[in-house]
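Here's the letter readout for the chains.
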Amino acid sequence: MAGHIRESAWYFHRDELVASYGSDIKTEVLTRRTTCTFIQDAGMRLRLPQLTIATAIVFFQRFFVRHSFREYDRFTVATTCLFLAGKVEETPKKLRDVIQFCHLQRTKADLHIESKEFYEQKEAVLLTERIVLHTIAFDLTVDHPYKFLFAYVKSMEGDKKLAQVAWNFVNDSLRTTLCLQYRPQHVAAAAIYLACKVLKLPLDNSKGKPWWEALDAKPDDLDHIATQILDLYEDKNNPLSAMKSTILRNNTADPMKPATSWSSSPSTPPPNKTSPSSYGSPPPPPPPSTSSTLPPPPPPPSLAAPHSAPPPPSSPPPPPPPPLDAP
């Protein structure tokens, strides 16, 4: 399928991902999902741009496609990915502040910088940063759906409401492994497809071609992406939970669907605060299956030295999407 063209070592078929999860697929998916929610919430506390938060989540997803949750503490890796993404996207934060905000987001308790626990977390993050860099083979380039989303909305002469709803669908997609399966162009196209369905907007042909061809996508890819996004909204009180059977052509059972799910609606931005209990403490999944067909990562170059970062701003309002007419 077009969505699985391997333009980098970080795109996998779903069968490959499922094989790497071992026997308890639902626990694996739920663990990834709750930790990605933690990264999103902690990043917003740090007032990081959404692009930086998305990069951190992609680093986290790439890391745990090579390792299991039994090997490394997921919150230490999540904290490390936020710290690393800040430097990669040129929005750096001090390591001290990243650790303190992540600890506060997880436990709702302050962490004093002179405490033994802070020192241990700092050493763990610095060590984990080197492991993350080696694991992702120093491949720090990440393309996100956001730039394609706004280009597509402009080409469709869509309004800001369409862009906002599609933007939220893209944000929600970060809680899935779509970034490991499909090109960002296709995720953006599927987000616009879902947004148009939510807003009851027509999807007209473009210059004599079907709209999905104008967005360089295929109907099957859009169905598969939209299915995984809609699986996030399983709360029976959520109006989106009833959309799946009415708007998708291929509504089949999903082996990667978790037992419980995140149930907020994309019609509004995600909440600022999440209870620590919502990140869950599911039992660790078994190690990846030895029959996994995931290819090994390319050999990494020599290890780079860590960088310093300026202090972060205060108070964390949620980041709005850029205006449609932004360059």
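Thresholds applied
- Residues numbered from 1 in each chain as written.
- Predicted model: local features only at pLDDT ≥ 70, side-chain atom pairs only at ≥ 80, totals over all residues.
- Heavy atoms only, no water.
- Helix = DSSP H or I, 4+ residues; strand = E, 2+ residues; numbered from the N terminus.
- Buried < 20%, exposed > 50% of the residue type's maximum accessible area, 1.4 Å probe, protein only.
- Contact = heavy atoms within 4.5 Å.
- Areas by Shrake-Rupley, 256 points an atom, 1.4 Å probe, with all protein chains shown as cover.
- Phe/Tyr/Trp six-rings, centres within 6.5 Å; stacked < 30°, edge-to-face > 60°.
- Core = buried A, V, L, I, M, F, W, Y, C linked by side-chain atoms within 4.5 Å.
- Expected span 1.5 Å × (residues − 1).
- pLDDT = per-residue confidence, 0-100.
- Axes fitted to C-alpha atoms, helices over the stretch in contact; angles between N-to-C directions.
- Parallel < 35°, antiparallel > 145°, perpendicular 65-115°, else oblique.
- Left-handed = near helix turned anticlockwise from the far one by under 90°.
- Disulfide = S-S within 2.5 Å.
- Salt bridge = Lys/Arg side-chain N within 4 Å of Asp/Glu carboxyl O.

*Asks:* In this structure, what is going on with the overall build of the protein chain? I would like to understand it.
*Replies:* Across its full length, the protein chain carries 12 helices and 0 strands. For the protein chain, the succession of helices and strands along the chain, N to C, is α-α-α-α-α-α-α-α-α-α-α-α. For the protein chain, the proportion of its 327 residues judged to be buried stands at 50%. Taking as baseline every contact in the protein chain between residues at least 6 positions apart, the subset at least 24 positions apart corresponds to 80%. Accessible surface, the protein chain: about 14900 Å² in total, of which carbon and sulfur atoms supply 55%.

*Asks:* Looking at this model, I keep getting lost on the packing of aromatic side chains. Mind explaining?
*Replies:* Ring pairs (aromatic) are described by centroid distance and by the angle formed between their planes. Inspection of every chain in the model, using the stated rule, returns 9 aromatic pairs. Look at Phe63 and Phe64: their rings are 5.0 Å apart centre to centre, the planes differ by 85°, and that puts the pair in the edge-to-face class. A relative accessible area of 0% means that Phe63 is categorised as buried. An aromatic cluster of at least three residues, connected via ring pairs, comprises Phe60, Phe63, Phe64, Phe69 and Tyr72.

*Asks:* Mind showing me how you'd approach the nonpolar core here?
*Replies:* Where a protein is soluble and globular, its nonpolar side chains tend to be buried together. If you look at the biggest cluster of nonpolar residues, it comprises 83 residues, and the most contacted ones within it are Phe38, Ile39, Phe60, Leu82, Leu149 and Phe169. Leave out the neighbours within four places in its chain, and Leu82 touches Ile39, Ala42, Gly43, Leu46, Leu48, Ala56, Val98 and Cys102.

*Asks:* Please explain helix α2 (residues 25–45) as it appears in this structure.
*Replies:* Residues spaced three or four apart along an α-helix point in a common direction, a consequence of the helix completing one turn every 3.6 residues. Over its 21 residues, α2 runs 31 Å from end to end, which matches the ideal 30 Å to within 8%, given 1.5 Å per residue. Taking burial as the measure, the 21 residues of α2 include 20 buried ones, the bulk of the element. Directly after α2, the chain includes Arg47, whose backbone phi takes a positive value near 60°.

*Asks:* Help me understand the confidence of the model for the protein chain in this model?
*Replies:* The predicted coordinates should not be examined in detail at positions where pLDDT is low. When pLDDT is averaged across the protein chain, the result is 78; 68% of the residues are at 70 or more. No element of the protein chain has a lower mean pLDDT than helix α12 (residues 244–247), which averages 60, and none a higher one than helix α4 (residues 74–88), which averages 98. Here residues 250–277 scores under 50 on pLDDT; set against residues more than four positions off or in separate chains, the count is 73 contacts.

*Asks:* Even after reading the chapter, I still don't get the packing of α4 against helix α5 (residues 95–107), so can you show me in this structure?
*Replies:* Two packed helices can be described by the angle between their axes and the distance between those axes. One can describe the packing of α4 onto α5 by two numbers: an axis separation of 10 Å at closest approach and a directional angle of 135°. Judged on the interaxial angle alone, α5 and α4 are oblique. Between α4 and α5 lies a crossing whose hand is right-handed. Here Phe75, Thr79, Leu82 and Phe83 of α4 lie close against α5, whose contacting residues are Leu95, Val98, Ile99, Cys102 and Arg106.

*Asks:* Mind showing me how you'd approach the environment of Thr141 here?
*Replies:* Along the chain, Thr141 turns up in the loop between α6 (116–135) and α7 (146–155). Sequence separation between Thr141 and Thr55 is 86 residues, and the spatial gap between their C-alpha atoms is 8.9 Å.

*Asks:* Hey, could you run me through the state of the cysteines in this one?
*Replies:* Two cysteines whose sulfur atoms are joined by a covalent bond form what is called a disulfide. Under the definition given, this model contains 0 disulfides. Here Cys81 is not cross-linked by a disulfide; its sulfur's nearest cysteine counterpart is in Cys36, at 9.5 Å. Distance from the sulfur of Cys179, which forms no disulfide, to the nearest cysteine sulfur (Cys36) is 7.5 Å.

*Asks:* I keep staring at the environment of Tyr193 and nothing clicks. Help me out?
*Replies:* Inspection of the secondary structure puts Tyr193 in helix α9 (residues 184–199). The spacing of Tyr193 and Leu203 is 10 residues in sequence and 7.9 Å in space, taken between C-alpha atoms.

*Asks:* Which parts of the structure should I look at to understand the pattern of salt bridges?
*Replies:* Where charged atoms from two side chains of opposite charge come close, those side chains can pair. Inspection of the entire model under this criterion finds 6 salt bridges. With a shortest N-O distance of 3.6 Å, Asp97 and Arg96 are connected by a salt bridge. Since its relative accessible area comes to 9%, Asp97 is described here as buried. For Arg96, a relative accessible area of 33% translates into the label partly exposed. For the salt bridge of Lys147 with Asp143, the shortest nitrogen-to-oxygen distance reads 3.9 Å. According to the relative accessible area criterion, Lys147 is exposed, its value standing at 52%.

*Asks:* Please clarify how α5 should be interpreted in this entry.
*Replies:* With 13 residues, α5 extends 18 Å between its outermost C-alpha atoms, agreeing within 8% with the 18 Å of an ideal straight helix rising 1.5 Å per residue. Taken together, the buried positions of α5 are occupied by Leu95, Asp97, Val98, Ile99, Cys102, His103 and Gln105. Of the residues one or two after α5, Lys108 is the one with positive phi, at around 60°.

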